[in-house]
Amino acid sequence: MLTQRTKVRRNPSRGRHDRPTIDAILDEALIAHVAWVHEGRPAVIPTLIARDGDDVLIHGSSASRTIRGLQHGLEACVEVTLVDGLVLARSAFHHSINYRSVVLYGTLRDVPDKERALEIFTEKLIPGRWEHVRWPTPQELKGTAALALRIEEGSAKIRTGPPADDEEDYALDTWAGVVPLTVRPLTPQPDPRLRPDIELPVHVRDLTL
Ligand SMILES: Cc1cc2nc3c(=O)[nH]c(=O)nc-3n(C[C@H](O)[C@H](O)[C@H](O)COP(=O)(O)OP(=O)(O)OC[C@H]3O[C@@H](n4cnc5c(N)ncnc54)[C@H](O)[C@@H]3O)c2cc1C
């Protein structure tokens, strides 16, 4: 994982290159940003992400510019961030954010088993969902592309803990500390067109526990 490119130079003590740390962040993150050079210019797109062993998967319409661009073996950079808290320092300068992020570099390749990729995405979003939904038709699979990036060159960076103020500022009257932030499921809202005889299934209810 550690290469010249992935060596964390700014605040290096926050850098990690071990797979358990990187995998845990990838597994918790729903959204990634994929960056690449499109027709000579920088491009970045937010997208869902799922890990499949040593690969991260992205998917989308076979017709999308992102998918078509990346299918041609271009180098890409994939980034995910989990935001854990607002760090309120005594000085404006030392305000920060607690986070866990991952940056991966590599070349995306085609995933031939698109149905399995869709199952991995579905199960990542809502564990237990796949067995309750209609599975993709050949036509739907034809219109879908799935791409994989091997997790082999990358880094994690993690900031935790309270603000780091300048020593003389600890005497100031300003409140300082951390406001934790999290993303969590709230009460499910049934589709207005849901058949009235369908109850909230356990796998959806469990999300909010
Ligand atoms: C939510 C969030 C908010 C941030 N806000 C700011 C901000 O406002 N200002 C600011 O200067 N920085 C901010 N950072 C940190 C920022 O991501 C960079 O780490 C930092 O700016 C140093 O950039 P650099 O190019 O000099 O890093 P370098 O240390 O030179 O980067 C070298 C290599 O280290 C790795 N690396 C660097 N940063 C990260 C990262 N965040 N996650 C995983 N790998 C990484 C990459 O592999 C990269 O190629 C923020 C990070 C997060 C996650």
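The coordinates are above.
In this numbering scheme, every chain counts its residues from 1 along its sequence in written order. Predicted model: local features are reported for residues with pLDDT of at least 70 only, side-chain atom pairs are reported and counted for 80 or more only, and whole-chain, interface and lining totals are derived from all residues. Each side-chain value is worked out from all heavy atoms of the structure, with water and hydrogens disregarded.

1. Observations regarding the overall build of the chain
Here comes step 1: A count of helices and strands for the chain gives five helices and 11 strands.
Here comes step 2: Expressed along its principal axes, the backbone C-alpha trace of the chain runs to roughly 65 × 50 × 30 Å.
Here comes step 3: The long-range share in the chain, meaning contacts at least 24 apart out of those at least 6 apart in sequence, stands at 72%.
Here comes step 4: Note on areas: Shrake-Rupley with a 1.4 Å probe; residue coverage comes only from the protein chains shown. Carbon together with sulfur atoms contributes 55% to the accessible area of the chain, which is approximately 13,100 Å² in total. Helix and strand assignments come from DSSP, with helices taken as H or I runs of at least 4 residues and strands as E runs of at least 2, each series counted from the N terminus. Residues count as neighbours in contact if any of their non-hydrogen atoms are within 4.5 Å of one another.

2. Looking at the site of the ligand
Here comes step 1: Proximity criterion: a residue is near a molecule or strand once any of its heavy atoms comes within 4 Å of it. In the vicinity of the ligand there are 16 residues, among which Arg 5, Arg 9, Ser 101, Tyr 105 and Lys 157 approach most closely.
Here comes step 2: Residues adjacent in sequence count toward polar contacts only when both atoms are side-chain atoms; beyond that, a polar contact is any pair of N or O atoms within 3.5 Å, and within protein one must be able to donate a hydrogen and the other to accept it. The backbone of Arg 10 places a nitrogen or oxygen atom 2.9 Å from an oxygen atom of the ligand.
Here comes step 3: Between the ligand and Ser 155 there is a distance of 2.8 Å, counted from an oxygen atom to a side-chain nitrogen or oxygen.
Here comes step 4: Notes on the ligand: free accessible area 870 Å², of which the protein chains cover 56%.
Here comes step 5: Those elements that place two or more of their residues in the shell around the ligand are strand 7 (96-107) and strand 10 (153-159).
Here comes step 6: Take the shell around the ligand: its biggest share by element is six residues, from strand 7.
Here comes step 7: Here the shell around the ligand is built from residues that sort into seven nonpolar, four polar and five charged. Residues are grouped as follows: Ala, Val, Leu, Ile, Met, Phe, Trp, Tyr, Cys and Pro are nonpolar; Asp, Glu, Lys and Arg are charged; every other residue, Gly included, is polar.

3. So, the sheet that holds strand 8 (residues 109-110)
Here comes step 1: DSSP bridges decide pairing: two strands pair if at least two such bridges lie between them. With antiparallel pairing, four strands are arranged side by side in an open sheet as 4-5-9-8. Each edge of the sheet is formed by a strand with only one pairing partner; in this case those strands are strand 4 (50-52) and strand 8.
Here comes step 2: Examined bridge by bridge, strand 8 and strand 9 (residues 144-150) share two bridges and lie antiparallel to one another. When the sheet's bridge partners are listed, Arg 109 is paired in strand 9 with Ala 148.

4. Regarding the pairing of strand 2 (residues 31-38)
Here comes step 1: Burial along strand 2 is one-sided: Ala 32, Val 34, Trp 36 and His 38 are buried, and none of Ile 31, His 33, Ala 35 and Val 37, which face the opposite way, are.
Here comes step 2: Sheet topology places strand 2 next to strand 3 (residues 41-48); eight bridges connect them, and they run antiparallel. Bridging from a neighbouring strand, His 38 pairs with Arg 41 of strand 3.
Here comes step 3: Taking the residues between adjacent antiparallel strands as the criterion, strand 2 and strand 3 are bridged by two residues, where Glu 39 takes a positive phi near 50 degrees. Think of it in three bands: with a 1.4 Å probe and only protein chains considered, a residue is buried below 20% of the maximum accessible area for its type, exposed above 50%, and partly exposed in between.

5. Considerations on unusual backbone geometry
Here comes step 1: With a phi angle near 50 degrees, Asn 11 is a residue other than glycine that sits in the positive phi range.
Here comes step 2: On the basis of relative accessibility, which here comes to 32%, the residue Asn 11 falls in the partly exposed class.
Here comes step 3: A positive phi angle, close to 50 degrees, is found at Glu 39, a residue other than glycine.
Here comes step 4: Within the secondary structure, Glu 39 is located in the loop between strand 2 and strand 3.

6. Quick word on the pattern of salt bridges
Here comes step 1: For this document, the term salt bridge refers to a Lys or Arg side-chain nitrogen within 4 Å of an Asp or Glu carboxyl oxygen. Evaluated as defined, the whole model comprises 15 salt bridges.
Here comes step 2: Of the charged contacts in the structure, one is a salt bridge between Arg 100 and Glu 28, with a shortest N-O distance of 2.9 Å. Separated by 72 residues along the polypeptide, Arg 100 in strand 7 and Glu 28 in helix 1 (residues 19-28) bring together distant segments of the chain.
Here comes step 3: Between Asp 84 and Arg 100 there is a salt bridge, with the nearest N and O atoms lying 2.8 Å from each other. Note that Asp 84 is positioned in strand 6 (residues 75-88) and Arg 100 in strand 7, a separation of 16 residues in sequence.
Here comes step 4: On the basis of relative accessible area, Asp 84 is assigned to the partly exposed category, the value being 23%.

7. Quick word on the environment of Leu 48
Here comes step 1: Here Leu 48 lies in strand 3.
Here comes step 2: Given the relative accessible area of 29%, Leu 48 is considered partly exposed.
Here comes step 3: When the C-alpha positions of Leu 48 and Val 80 are compared, they lie 10.0 Å apart, and in sequence the two are 32 residues distant.
Here comes step 4: Not counting residues within four places of it along the chain, the set of residues in contact with Leu 48 comprises Leu 30, Leu 57, Ile 58, His 59, Phe 121 and Leu 125.

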